[in-house]
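Chain by chain, the residues run as shown.
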Amino acid sequence: HDLCRDLLSSAPGGHVLGHDCVVVAGDLNYRVGIPREIAQTYAQYSEWGKLYEEDQLRIAMKQRDAFVGFREAPLRFAPTFKYDVGTRNYDTSKKQRVPSWCDRVLWRARGGAQVE
């Protein structure tokens, strides 16, 4: 998370957070912090809320460890990481990665700026 802090504080022309609206989009590489089998079961039954409760980014933001003051729209879709190529099956490789939301869009608005 040092990378995020460094990027936000060293932007050309001043501090990025000095703007009325800041959008961060990308592969933030946070995971769902539960065993793979449980995550797959939740995903199979579209239990996005239960998965989101264990989302590392959500937890870090709630604890004010990352992206303080930023917001994210509700995640109402299946985790997008990591499918076997050409299938709807989550990772069956040796790594057996946990289904997660890695690609994220966060925003922060201040001074009455509206973001929809």
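Preceding this section is the structure that the text describes.
A quick note: this is a predicted structure, and the numbers were derived from the prediction, not measured.

## A word on the side chain of aspartate 55
- Inspection of the secondary structure assignment puts aspartate 55 in the loop between α3 (48–53) and α4 (56–62).
- Using a relative accessible area of 0% as the deciding quantity, one classes aspartate 55 as buried.
- From its side chain, aspartate 55 meets the backbone nitrogen of leucine 57 in a polar contact 3.3 Å long.
- Residues contacting aspartate 55, with those up to four places away along its chain left out, are Arg31, Val32, Trp101 and Arg104.

## Comments concerning the pattern of salt bridges
- Scanning the model with the defined rule gives three salt bridges in all.
- Arginine 104 is paired through a salt bridge with glutamate 72; the nearest N and O atoms lie 2.6 Å apart. Of the two residues, arginine 104 sits in strand β2 (residues 103–109) while glutamate 72 sits in the loop between α4 and β2, which places them 32 residues apart along the sequence. Each member of the pair, arginine 104 as well as glutamate 72, carries the same accessibility label: buried.
- A salt bridge links arginine 97 to aspartate 91; the nearest nitrogen and oxygen atoms lie 3.0 Å apart.
- Connected through salt bridges with shared partners, the residues Asp55, Glu72 and Arg104 form a single ionic network.

## Description of unusual backbone geometry
- Here phenylalanine 67, not a glycine, exhibits a phi torsion of approximately 50 degrees, which is positive.
- Along the chain, phenylalanine 67 turns up in the loop between α4 and β2.
- For glutamine 96, which is not a glycine, the phi torsion comes out positive at approximately 50 degrees.
- Inspection of the secondary structure assignment puts glutamine 96 in the loop between α4 and β2.

## Comments concerning the side chain of aspartate 91
- If you trace the backbone, aspartate 91 turns up in the loop between α4 and β2.
- A polar side-chain atom of aspartate 91 sits 3.3 Å from the main-chain amide nitrogen of glutamine 96.
- Aspartate 91 has contacts with Arg36, Lys82, Tyr83, Asp84, Gln96 and Arg97, leaving out every residue within four places of it along the chain.

How each quantity is defined
- Residues numbered from 1 in each chain as written.
- Predicted model: local features only at pLDDT ≥ 70, side-chain atom pairs only at ≥ 80, totals over all residues.
- Heavy atoms only, no water.
- Helix = DSSP H or I, 4+ residues; strand = E, 2+ residues; numbered from the N terminus.
- Buried < 20%, exposed > 50% of the residue type's maximum accessible area, 1.4 Å probe, protein only.
- Polar contact = N/O pair within 3.5 Å; in protein donor to acceptor, adjacent residues only side chain to side chain.
- Contact = heavy atoms within 4.5 Å.
- Salt bridge = Lys/Arg side-chain N within 4 Å of Asp/Glu carboxyl O.

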